[in-house]
Amino acid sequence: MKALQVSRLTKSYGSVPILKEVSLTLDCGERVALMGPSGSGKSTLLNCIGGIDRPDGGSIQVGQVDLGALDEDGLCHLRRKTVSTVFQFFHLLPTLSVRENIEFPLHLRGVEATERLERVEKLIKEVGVESRSEAYPHELSGGEMQRVAIARALSIRPRMILADEPTGNLDSKTGEAILDLLETLSDRHETAMLMVTHSREVTRICSRVVEMRDGRLLEEDIAV
Amino acid sequence: MPAATETVDATSWLWSHIVWRHWLREWKLTIVLLLIIALGVAVFLSIRLANKAAVSGFGMFTESVSGESDFQLRPSAGLIPNRSLRDLRHRLGSLPVGLFPVVETTGVIAGDDERLVRVIGLDLVAMQNAVNYAGGISGPQSNAQREAVGPTFLNTDTLVFSGDAFSQSRGISAGDELTLLFGDREVTVEMGGILAENPNLPSIPENLVLVDLPSLQQLTDMSGVSRIEVRFPEGAFRTEVEFDASEILDAIAEENGWLLETPEQRKESVTQMSAAFRLNLTILSGLALLVGTYLIMQAMEAAVIKRRAEMAVLRSLGVTPLEIRKSWVVEGLAIGMMGSVLGVVIGFGLAQGMVGAIGRTVNTLYYETTSNAIRLELGEILFSMGFGVLASLVAVLIPARDAALTPPAQMMRRGAPGGGLLLLRQRWLGIAVILAGLASSLIPPWVIKSGPAVPIGGYMAAVFMVVGGSILIGVFFRPVSRAMRQIGGRREARSRYAASQLARPAGRHLLTAAGLAVAIGMSAAMGILVASFESTLTAWIQQILKADLYVSGGGNSSVDNRSSLAFDTWQRIEKMPGVSGVDVLRQYRFTLDGKDTVLGASDYSDDLDRTLQMVWLDAPRDTSEKNLLKLFDDKTPAWISESFSRRFAVTKGDSLTLPTPAGPKSLSITGLYADYGNEAGMLVVHRNFTRDWFSDDSITNMALYLEAGSDPEELAKTIRSTFPSLKVQTNRRLREDSLRIFHQTFAVTYALEGIAVLIAVSGLGLALAGLLIERKEELITLKSLGSTRKEIASGAMLEGLGIAVVGLIGGFLISFALGWVLIEVINPQSFGWTLTYRVPWTMFGVLALITLVTAAAVAYLVGYRNAEVKSDRED
Ligand SMILES: Nc1ncnc2c1ncn2[C@@H]1O[C@H](COP(=O)(O)OP(=O)(O)O)[C@@H](O)[C@H]1O
Ligand SMILES: [Mg+2]
């Protein structure tokens, strides 16, 4: 089974076409880098896959679920269970502590308290924010925030993570650490990952690189 | 698979972890938000409370002064003769029914600035009741108290009693002497004691004195009583007694042409609150409602906008749109509830101040004092809280719906304009609403049985005009933006930036301009109404006030019929040197179809030019119609005022039956005239008839025409020195007085209008703050491009000015439409006065100037502050 199948996806804003018949597949646990000049539609593609934006045409299949067949609530459930997003600007919830931010998606899924606690503790350790677990987002550094965002994304054990320039706002040293973290964790949890990036360095953890140009995908294979 | 059950509802969790924490964390903003809602509720509640207190305080104490009576018997016109009282007692036989005769009149205390005093005469038992009712008496020695209720009317000094307010405002205490003027009479009385206040009852009005009934009759030469209060015994017999007695009382009332009414019925016909004044208050509470809603919506929308991105994140994590909407509803309800509670407290305080102002106006107009106690009724509290909660709810529903339905990716995109209020973008809707307004202006008024006419269609039209106008406001943004670009020139960056914002108005722009337009539209429409009133009234006064001097009894008011000039008095004045002619008028209050109105008896005759003083709406045509002296179709000819015509649905050519002490009389209406001085309406017949009907040769007031060359001031002096208790006014003084009273009527209006506009402009500031917060990224960009704080502030100022201009244009257009509805639809339907439409351009200019200056200042400050905050965060 594939983790993701996108075929002939189109999307335009007003009369400006942004995505022009984009097709893409990801295997389970596979990590793919999405590159391309800015404004080429990378974020738009990710948003459509994550169900936080609606395409105009084509189809998206996550696991066995066809997104086109889902209503708003259906998409919500998809996001609660199957697909997580890591944003360039972290987007942590400002009123929640680190622990609560990671815990929140588990709440939404109705995971029992004991198990919730267990999973959150483990994630806090895995991303290395043990000492900051009671802090609030505005007290964290950029790297710490992204670690928390990754832990939050992983908490539901998604089939797939969509990461939009996860290291774009971090210095290179922190970026490296975040990349290592993503690699380790996605390996451990067998999570597929589609990651937008501008940096060739970043592609080191990916098995494939696809390039977006003017709303179309050009696939290029790189040696890993 | 993990031990995950199906997904859960996140609403309560969102509440405790997100909403509540936001409130705590941004407690300053939360307080501001609460205060704004409270302000909206307070304005609304205070106007309602003040309005209600003013209306219900009217004559409340006097109605219940002798305790709680079950019925009142009163004549349709004139007095109930003393012998009828004995007759009544006799007819009731052994039935244990309490009968309490009451004499009520008005007078003035010498040297008391012409403040009218209501003088009520009660008999022994009723006086004791009043004392008990008030909770005791203070001041007088016990024997003086006994004297007061004993047969002491032969004393030279009669005792009067009053409440605390009376004695305090005039500095009169028990034992003091005071001179009371009744018409042309002057009597000296002694203050016998001050009645204590009973905290559970309306306070004793400050213009009320109680006197022993026979003494008062003697002092004022009245040979009857104004009314008889009827009380049934408490206890087991009550229903039986009531049944038997009612039958007898009904029969007696029927025979004598009296009215038998419950106190409630009576109150309805007594409460002659000026229709103009009531209309005024109605519009003001409407204004408060709209401005309050607008404020609350602004505040709540600002809160929603600030958390838009957070909503997007929540949704990206899998929170459903429904859960988001639910949490906003809960938040709106909670904030609305807390703000409303605060608002009730503030509103109660505001109302205390306001009722004073309204009370003063009522006092000037009617010589009636309202009971100043504002009563915080549960119903009113719930009503205004409901308003606050509902407005908060509606305010969050629209933006929350938007936040829930817009794809999260779009919401996260920084700089994207908020979805805004879609409804405000629907041109067709605005046009449809205005058309609906035009259509509803054709709906005839709804007439409550024997009550006032309610111009439902007119009010609907007014609301439609305001709402429709505020929807259409968007069309002005483009032209204003273009004008700004043109004025600023191509290179002026700030005006170009501001113009670009206005060219594509966000929902918040629209809402702000609409709110401003509503406040300005309603204020300006009130201005049109007042100006139209004023110009019509001035023209009317010019035309009718042609005599040189006007003489009336001391303390005479237009609706009172007992302060009169005796025959001898006015004859002597007429014969004074220098007087070339007089017009006299006798006024009687009477009740027709359960509504109080006024009968005027005059010596008008058709061979006098002076008759032309009347402003005719439907003039008598031939000589037979013009002659009030000769019977017309075997009926007494009569002219009626416009208000009378509307209140009793009669017009020229109709007949009606007038109750008089000499039995019912048939009248034929031969003329219809304009009278802006009397809303109860007036029916004018020749005095030759009333002399017989009322066996009365006194008059209420007289107009003197002087021979050429005589000085009115001189003659006025002569009259005053001969009859010190009379009120003598020159033509000029009377005109000034009339206009002063008129302006007093609208004093409250001006004050409240000012508040409304200020609130609307602060709303503009709030809205701009919201806009700038929303455009955070853009501001950062501007700063990084080298814009200084001042430049950003002046950009915000230009944008604020642009919104204000749009609001002003829309507001003035709304006011023209609303003014038209008020003058051409509501006014004729509710109190039947023909007014000429007049726009007060000066007031409009001042209003525009104040709005623009305040808007510019507020916008600049908001811009300045926001520019600072951003830079701090950037560093
Ligand atoms: N809500 C929107 N409205 C209009 N245009 C948009 C919107 N969202 C994205 N775009 C446009 O779509 C194009 C692709 O944007 P995006 O997917 O964010 O590019 P990338 O992530 O590759 O930089 C850009 O030109 C952008 O301006
Ligand atoms: Mg992007």
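Thresholds applied
Residues numbered from 1 in each chain as written. Chains lettered and ligands numbered in written order. Predicted model: local features only at pLDDT ≥ 70, side-chain atom pairs only at ≥ 80, totals over all residues. Heavy atoms only, no water. Helix = DSSP H or I, 4+ residues; strand = E, 2+ residues; numbered from the N terminus. Buried < 20%, exposed > 50% of the residue type's maximum accessible area, 1.4 Å probe, protein only. Contact = heavy atoms within 4.5 Å. Areas by Shrake-Rupley, 256 points an atom, 1.4 Å probe, with all protein chains shown as cover. Buried area = accessible area lost by both parts, 1.4 Å probe. Salt bridge = Lys/Arg side-chain N within 4 Å of Asp/Glu carboxyl O. Polar contact = N/O pair within 3.5 Å; in protein donor to acceptor, adjacent residues only side chain to side chain. Pairing = 2+ DSSP bridges. Axes fitted to C-alpha atoms, helices over the stretch in contact; angles between N-to-C directions. pLDDT = per-residue confidence, 0-100. Patch = residues over 30% accessible without salt bridge, like charges linked within 9 Å, V, L, I, M, F, W, Y side chains within 5 Å. Lys, Arg positive; Asp, Glu negative; His and termini not counted. Charge placed at Lys NZ, Arg CZ, Asp CG, Glu CD. Phe/Tyr/Trp six-rings, centres within 6.5 Å; stacked < 30°, edge-to-face > 60°. Lys NZ or Arg CZ within 6 Å of the ring centre and 35° of its normal.

Regarding the overall build of chain B
- Along the backbone of chain B there are 30 helices and 24 strands.
- A buried classification covers 57% of the 875 residues belonging to chain B.
- Sequence-distant contacts in chain B: of pairs separated by 6 or more residues, those separated by 24 or more amount to 82%.
- In the form shown here, chain B has an accessible surface area of approximately 36000 Å², with 59% of it arising from carbon and sulfur atoms.

Description of the interface of chain A and chain B
- Contact residues are listed per partner, giving 33 residues for chain A and 32 residues for chain B.
- When chain A packs against chain B, the two sides together hide about 3100 Å² of surface, and 59% of this comes from carbon and sulfur.
- The tally of links between chain A and chain B comes to three salt bridges.
- A salt bridge links B:Glu323 to A:Arg80, with the shortest nitrogen-to-oxygen separation between them at 2.8 Å.
- Counting the contacts that link chain A with chain B gives ten residue pairs in polar contact (both at pLDDT 80 or more).

Structural notes on the sheet that holds strand S4 (residues 57–62) of chain A
Residue and element names in this part refer to chain A.
- If you trace the four strands from one edge of the open sheet to the other, you get S2-S1-S4-S5, paired in antiparallel fashion. At either margin of the open sheet sits one strand with a lone partner, and together these are strand S2 (16–27) and strand S5 (65–66).
- Sheet topology places strand S1 (residues 2–13) next to S2; eight bridges connect them, and they run antiparallel. Paired with Gln-5 across the bridge in S2 is Thr-25.
- Its contacts with the sheet put helix H1 (residues 42–49) on S1, S2 and S4, and the angle it makes with S1 is roughly 120 degrees.

Concerning the confidence of the model for chain B
All names here are of chain B.
- Per-residue pLDDT for chain B averages 77, and the proportion of residues at 70 or more is 78%.
- Counting interchain partners and residues more than four positions distant, the pLDDT-below-50 stretch residues 869–875 has five contacts.
- Among the prediction metrics, the complex's ipTM stands at 0.91, with pTM recorded as 0.65.

Focus on a negative patch on the surface
All names here are of chain B.
- Together, Glu-240, Asp-244, Glu-247, Asp-250 and Glu-254 make up a negatively charged patch on the protein surface.
- Mapped onto the secondary structure, Glu-254 falls in helix H9 (residues 238–256).
- Given a relative accessible area of 66%, Glu-254 falls into the exposed group.

Overview of the packing of aromatic side chains
Residues and elements named next belong to chain B.
- A complete count under the given rule lists 15 aromatic pairs over all chains for this structure.
- Both rings, one in Trp-616 and one in Tyr-673, keep their centres 6.3 Å apart while their planes meet at 85 degrees; by these two values the pair is edge-to-face. Separated by 57 residues along the polypeptide, Trp-616 in strand S18 (residues 615–618) and Tyr-673 in strand S21 (residues 665–674) bring together distant segments of the chain.
- Feature note: the residues Phe-812, Phe-816, Trp-841 and Phe-844 constitute an aromatic cluster, connected by ring pairs.
- One residue, Arg-789, lies across the ring of Tyr-864, its end atom 3.9 Å from the ring centre.

Considerations on the pattern of salt bridges
- Scanning the entire structure with this criterion turns up 31 salt bridges over all chains.
- With a shortest N-O distance of 3.1 Å, B:Asp603 and B:Arg687 are connected by a salt bridge. Separated by 84 residues along the polypeptide, B:Asp603 in the loop between strand S17 (595–602) and S18 and B:Arg687 in helix H24 (residues 687–694) bring together distant segments of the chain.
- Judged by its relative accessible area of 26%, B:Asp603 is partly exposed.
- Residue B:Arg687 is classed as buried on the basis of its relative accessible area of 2%.
- Note that B:Asp618 is salt-bridged to B:Lys652, the shortest N-O span being 3.8 Å. Of the two residues, B:Asp618 is situated in strand S18 and B:Lys652 in the loop between helix H23 (642–648) and strand S20 (655–658); the sequence distance between them amounts to 34 residues.
- Looking at B:Lys652, the relative accessible area reads 17%, which means it is buried.
- Salt bridges sharing partners connect three or more residues here, namely A:Arg31, A:Glu183 and A:Asp187.

Quick notes on unusual backbone geometry
- Even without glycine at this site, A:Arg8 takes up a positive phi of about 50 degrees.
- Structurally, A:Arg8 can be placed in strand S1.
- Phi angles above zero are rare outside glycine, and B:Ser695 is one such case at about 40 degrees.
- Checked against the element boundaries, B:Ser695 lands in the loop between H24 and strand S23 (701–706).
- Looking at B:Ser695, the relative accessible area reads 68%, which means it is exposed.

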